[in-house]
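# Descriptive analysis of the structure
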Amino acid sequence: MTTFVIFVYLIIVLGIGMLSHRMFRGTGEDYFVASRSIGPFLLLMSLFGTNMTAFAILGASGEAYHTGIGVFGLMASSSALVIPLVFYFVGTRLWSLGKKYGYLTQVQFFRDRWRSDGVGLALFAVLIALVIPYLLIGVMGGGITLNQITDGQIPTWIGGLLVCVIVFIYVTYSGARGTAWVNTFQTLVFMTLGGVAFAVIVNKYGGLASALEQVREVRPNLLIFGENIKPLKLLTFMCIPLSAGMFPHIFMHWLTAKNARSFRYPVIFYPVCIAVVWIPSVLLGMMGVLDFPDLQGPAANSVLVQMVARHAPGFLGGLLGAGVFAAIMSSLDSQSLSIGTMFTQDIVRHYGFHDKMSESQQVLFGRLFVTAILALTFFLSLITQRSIFKLAVWSFSGYAALFPVILAALFWKRSTKWGAAASILSVVLLWIYFFRIGWENPEYTVGGVGMMPVAIMLGVSALAMVVGSLLSRPPEQSVINRFFAT
Amino acid sequence: MDKKATRTLLYIALFVLFLLHNDFWLWEDASLIFGLPAGLAYHAIYCLVAAGLMALLVNLAWPEHLDVSDDGGAEL
């Protein structure tokens with residue numbers, strides 16, 4: 001029954017993707033950014049769905065299993081403040097410039113802003129490198145979910161393949177509009193089913209108060225921040241959500257907006273969506289210690305799926321499995337489409353066709369690249385260790401540390417390509433340095449006092465941007481007029 | 001109050017909200033508030049306050065100049 005329900009869900013997803021194709025206009029702009037036609041509600045749902053990855057859904061409960069309520073303060077409420085502000089200050093402005101000058105990718109904007117192919121190419125390489133673990137986490141998360149929810153009947157690789165095939169069909173067929181429509185449906189599904197899962201499972205424990213009392217008896221430290229979270233860690237973790245300002249898939253969704261006013265819903269309601277999804281995830285993760293008290297390390301990432309399989313088997317289990325699939329696919333589709341767009345526009349169109357490429361050629365290359373990316377991701381998922389999940393926070397850290405680049409591009413007239421280059425270089429070097437330490441010791445913080453490495457990376461990146469810009473020749477007035485006219 | 005002063009006040013409120021994220025006074029509080037552990041209830045309310053502040057930002061300090069290329073029409 002569980003498998004049947006999940007398959008029915010996947011067919012509905014495909015149906016929505018196919019339906020959206022009826023509005024396809026056959027142009028590159030329509031395929032890559034839905035002809036900039038998406039209204040506020042679809043924009044809110046697609047942005048939120050894209051940002052809620054397998055890491056957020058499965059990782060949140062897994063982290064809460066180990067550290068308790070503190071994970072909500074670390075990852076959720078920090079995002080509730082920072083991400084809407086990124087939409088407000090950065091997203092709206094990038095949308096405006098994108099509409100004015102026809103940008104389809106971040107690299108096109110940065111290349112134009114600083115009149116530099118080199119900066120564009122460097123950013124292309126860094127942005128792609130950072131998104132790879134993110135893609136892998138989605139595919140592997142899908143496989144693990146289906147495997148566990150069917151009690152091992154369906155091998156992990158089949159779940160991963162299924163996720164890739166479904167995403168491949170609707171993304172290659174319907175492009176950004178299909179992605180936005182499907183994301184909206186999937187976001188509503190995982191928000192609703194998350195609530196259902198929470199109600200059903202909590203009911204099994206005799207209600208929320210009873211469940212929390214049982215947790216208190218077994219692991220009282222899960223109900224407080226306590227020793228689990230250092231104050232400095234809570235403070236510096238606020239830097240991580242700045243990553244939303246540099247994610248290629250978020251940028252792509254920004255460009256799909258019909259107008260700047262479309263950002264109003266995402267800015268206002270994003271914090272509410274965060275609370276709706278994360279509170280049940282965190283509480284369920286904590287309650288996991290009652291049924292599965294001995295999960296070690298990353299094994300806790302599966303606690304939510306195991307609880308669903310134990311407390312809500314059959315039809316409901318299938319629905320809840322579909323909810324997890326929804327969270328996974330609503331990120332994977334946007335990520336694969338945005339990377340396909342970048343390869344098509346930033347490499348093939350710019351270097352191969354010298355920016356002269358027909359609409360049908362753009363769509364064709366976009367589809368080919370999405371196919372190649374999903375195929376490659378699937379094959380990599382077969383040979384990659386599950387410890388890849390640890391990479392997620394490093395992926396976020398890298399994007400967050402690049403935030404000064406976009407901030408300077410939008411708000412600092414004096415910034416130059418040399419400042420941007422220095423900033424990117426500092427991020428690459430520090431990322432490698434901290435990653436080597438953090439990979440061996442996942443609990444690593446700078447100086448052991450709770451400071452997240454991203455805070456250092458962000459500070460140095462900002463400093464490099466300022467120093468590099470001030471030491472180089474100011475940008476030409478024509479460039480300033482182009483980007484700071486209003 | 002003119003728009004610039006409103007915007008400044010809202011930015012100050014955002015900074016205060018940023019500071020309030022660090023709820024060190026609830027660090028060891030294991031009591032329940034609204035049926036949730038105190039720290040979790042605080043951060044849940046924090047999300048709602050953030051949404052309220054964002055609503056003010058959108059309604060009182062929206063960057064209108066960015067809407068210049070708006071083509072209007074029905075929205076979903």
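Just so it is clear, the structure is predicted and the values come from calculations on it, not from any experiment.

Residues and elements named next belong to chain A. On the surface, I132, W157, I158, L161, V165, L376, F379, L380, L382 and I383 cluster together to form a nonpolar patch covering roughly 910 Å² of accessible area. Of all the secondary structure elements, the ones that give two or more residues to the nonpolar patch are α8 (156-204) and α15 (359-383). Per-element accounting of the nonpolar patch gives the leading share, five residues, to α15. Within the secondary structure, I158 sits in helix α8.

Attention now goes to the packing of aromatic side chains. Across all of its chains, the model carries 32 aromatic pairs over all chains by this definition. Each ring, one from B:F24 and one from B:W25, has its centre 5.2 Å from the other, and the planes form 85 degrees; the classification is edge-to-face. For the pair B:W25 and B:Y42, a centre-to-centre distance of 5.6 Å together with 90 degrees between the ring planes defines the contact as edge-to-face. Within this pair, whereas B:W25 is found in the loop between α1 (3-20) and β1 (32-33), its partner B:Y42 is found in helix α2 (residues 38-60), the two being separated by 17 residues in sequence. Three or more aromatic residues joined by ring pairs form one cluster here, namely A:Y101, A:Y103, A:F109, A:F110, A:W114 and A:F483. Directly above the ring of A:F483 sits A:R113, whose terminal nitrogen or CZ lies 5.7 Å from the centroid. Taking NZ or CZ as reference, A:R482 lies 3.8 Å from the ring centre of A:Y101, over its face.

All names here are of chain B. On average, residues of chain B score 87 in pLDDT, and 88% of them reach the 70 mark or higher. α2 holds the highest mean pLDDT among the elements of chain B, 96, whereas β1 holds the lowest, 90. Below pLDDT 50 for its whole length, residues 72-76 participates in 11 contacts with residues either more than four positions away or in separate chains.

Contacts between chain B and chain A engage 43 residues on the former and 48 residues on the latter. Buried area between chain B and chain A, summed over both chains or domains, comes out near 4,200 Å², and the portion from carbon and sulfur atoms is 69%. Applying the counting criterion to the chain B and chain A interface returns zero salt bridges. At the junction of chain B with chain A, the criterion picks out nine residue pairs in polar contact (both at pLDDT 80 or more). Counting only elements with at least two residues in the side of chain B that touches chain A, the list comes to α1, β2 (36-37) and α2 of chain B. Here the side of chain B that touches chain A takes 13 residues from α2(B), the largest share from any one element. Here the side of chain B that touches chain A is built from residues that sort into 26 nonpolar, nine polar and eight charged.

One non-glycine residue, A:S35, lies in positive phi territory at about 55 degrees. For A:S35, the location among the structural elements is in the loop between α2 (28-33) and α3 (40-51). Since its relative accessible area comes to 16%, A:S35 is described here as buried. In this structure, B:F34 is a non-glycine residue whose phi angle is positive, near 55 degrees. For B:F34, a relative accessible area of 71% translates into the label exposed.

Each value, and the rule that gives it
- Residues numbered from 1 in each chain as written.
- Chains lettered and ligands numbered in written order.
- Predicted model: local features only at pLDDT ≥ 70, side-chain atom pairs only at ≥ 80, totals over all residues.
- Heavy atoms only, no water.
- Patch = residues over 30% accessible without salt bridge, like charges linked within 9 Å, V, L, I, M, F, W, Y side chains within 5 Å.
- Areas by Shrake-Rupley, 256 points an atom, 1.4 Å probe, with all protein chains shown as cover.
- Salt bridge = Lys/Arg side-chain N within 4 Å of Asp/Glu carboxyl O.
- Helix = DSSP H or I, 4+ residues; strand = E, 2+ residues; numbered from the N terminus.
- Phe/Tyr/Trp six-rings, centres within 6.5 Å; stacked < 30°, edge-to-face > 60°.
- Lys NZ or Arg CZ within 6 Å of the ring centre and 35° of its normal.
- pLDDT = per-residue confidence, 0-100.
- Contact = heavy atoms within 4.5 Å.
- Buried area = accessible area lost by both parts, 1.4 Å probe.
- Polar contact = N/O pair within 3.5 Å; in protein donor to acceptor, adjacent residues only side chain to side chain.
- Nonpolar A, V, L, I, M, F, W, Y, C, P; charged D, E, K, R; others polar.
- Buried < 20%, exposed > 50% of the residue type's maximum accessible area, 1.4 Å probe, protein only.

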